[in-house]
Amino acid sequence: GGVTGYRVYKATSATGTYSYVGSTAMNTYNCTGLTTGKTYYFKVKAYCSGGEVAKYGSASAYKAGKPMPPTPSVTAVSGSYTSAKLSWKAISGATAYQIYRATSATGTYSYLKPPTSTSYTNTSLTTGKTYYYKVRAYHTESNGTKYYSSFCSYKAVKPVPATPKVVDTLGFDNTSVTISWAAIAGATKYEIYRNGTDPDSTYALVATVTSPANTWTDKGLPPNVAHSYKVRAYHLEGTTKVYGSFSIPVGEYTVGTPVLNVTPEVGGTSVTLTWDEMYAATKYEIYRSNTEGGFDLIATT
């Protein structure tokens, strides 16, 4: 209690002369302008400035610190069925980065060619096989000496087929839904799952489509019923199916056919049209003809 702040002192050897570098009211201090890879020694004194003369405590024992590039924070994901993609935020002061790979978490990590930016895609991998990656940054001083950060914790990646991006279209007859997606590289087949009419129902496999086909139509659906669909691709590696992730679910309501009632105005020049509400309908289009054919749109309600 009663401490106003702290004064920080620095030296270039444990028993050398300690020079004042700054003060802080906090219990942390960032000492800047140092040389990468050089060891510095620090001591701290607490002080109280409540009176006319500041009062100082004894200096702490020294602590040594060596400025080095910080450890990269790495994200690693499957890039495709034969690749892994790594990325990280740029490290201030980093000259470049190094990536190492192994086939087990505790195995021997081999150096890969250096990336040219803060991302790297490792290609020509085996589908479904797990690979392990570590990344470190380094700073090169003017004399050519390299100072390395610590390796990040290993990141495991298994190359799998990409996730389909599915779109859905309600059939013109309102009894079918067509779903389609862009072809997925390396996909052997696509599995299509559909949930039932109950929103809480689970998804069940309803069809399998062989690549390169990338569309499927669900036919004969009842009116006024919602179905949702999701798709995943798999690559056949030998006899093993290696699955990608499911797509974001898409869904459609089938719209029923209105039963039309026409009530003419007695002695008048108008008729009133009525019909039962169609669940999930957005609007109704009204068509009219003076004959049994050639109907024209006359209103939308």
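As a reminder, the structure under discussion sits directly above these lines.
Predicted, not measured: the structure shown is a model, and the values here were computed from it.

(A) Region of the structure containing the packing of aromatic side chains. What the rule picks out here adds up to 13 aromatic pairs. An angle of 70° between the planes, with centres 5.6 Å apart, marks the rings of Tyr-132 and Tyr-154 as edge-to-face. Of this pair, Tyr-132 sits in strand β11 (residues 131–140) while Tyr-154 is found in the loop between β12 (146–148) and β13 (155–157), placing the two residues 22 residues apart along the sequence. Each ring, one from Tyr-193 and one from Phe-246, has its centre 5.0 Å from the other, and the planes form 90°; the classification is edge-to-face. Of the two residues, Tyr-193 sits in strand β16 (residues 189–194) while Phe-246 sits in the loop between β20 (240–243) and β21 (250–253), which places them 53 residues apart along the sequence. Owing to a relative accessible area of 30%, Phe-246 belongs among the partly exposed residues under this scheme.

(B) Expanded view of the side chain of Ser-289. One can find Ser-289 in the loop between β24 (285–288) and β25 (296–300). In terms of polar contacts, Ser-289 uses its side chain to reach the backbone carbonyl oxygen of Thr-291, at 2.8 Å. The contact partners of Ser-289, leaving out residues within four places of it in the chain, are Gly-294 and Phe-295.

(C) Local environment of the nonpolar core. Membership of the largest hydrophobic core comes to 17 residues, with the highest contact counts inside it found for Val-74, Leu-86, Trp-88, Tyr-97, Ile-99, Tyr-133 and Val-135. Among the elements that make up this core, the one with the highest residue count is β11 (four residues). When neighbours within four sequence positions are excluded, Ile-99 is seen to be in contact with Leu-86, Trp-88, Ser-110, Tyr-111, Leu-112, Pro-115, Tyr-120, Tyr-133, Lys-134 and Val-135. By size, the runner-up hydrophobic cluster in this structure holds 16 residues, among which are Trp-181, Ile-184, Leu-221 and Tyr-229.

The rules behind the values
- Residues numbered from 1 in each chain as written.
- Predicted model: local features only at pLDDT ≥ 70, side-chain atom pairs only at ≥ 80, totals over all residues.
- Heavy atoms only, no water.
- Phe/Tyr/Trp six-rings, centres within 6.5 Å; stacked < 30°, edge-to-face > 60°.
- Helix = DSSP H or I, 4+ residues; strand = E, 2+ residues; numbered from the N terminus.
- Buried < 20%, exposed > 50% of the residue type's maximum accessible area, 1.4 Å probe, protein only.
- Polar contact = N/O pair within 3.5 Å; in protein donor to acceptor, adjacent residues only side chain to side chain.
- Contact = heavy atoms within 4.5 Å.
- Core = buried A, V, L, I, M, F, W, Y, C linked by side-chain atoms within 4.5 Å.

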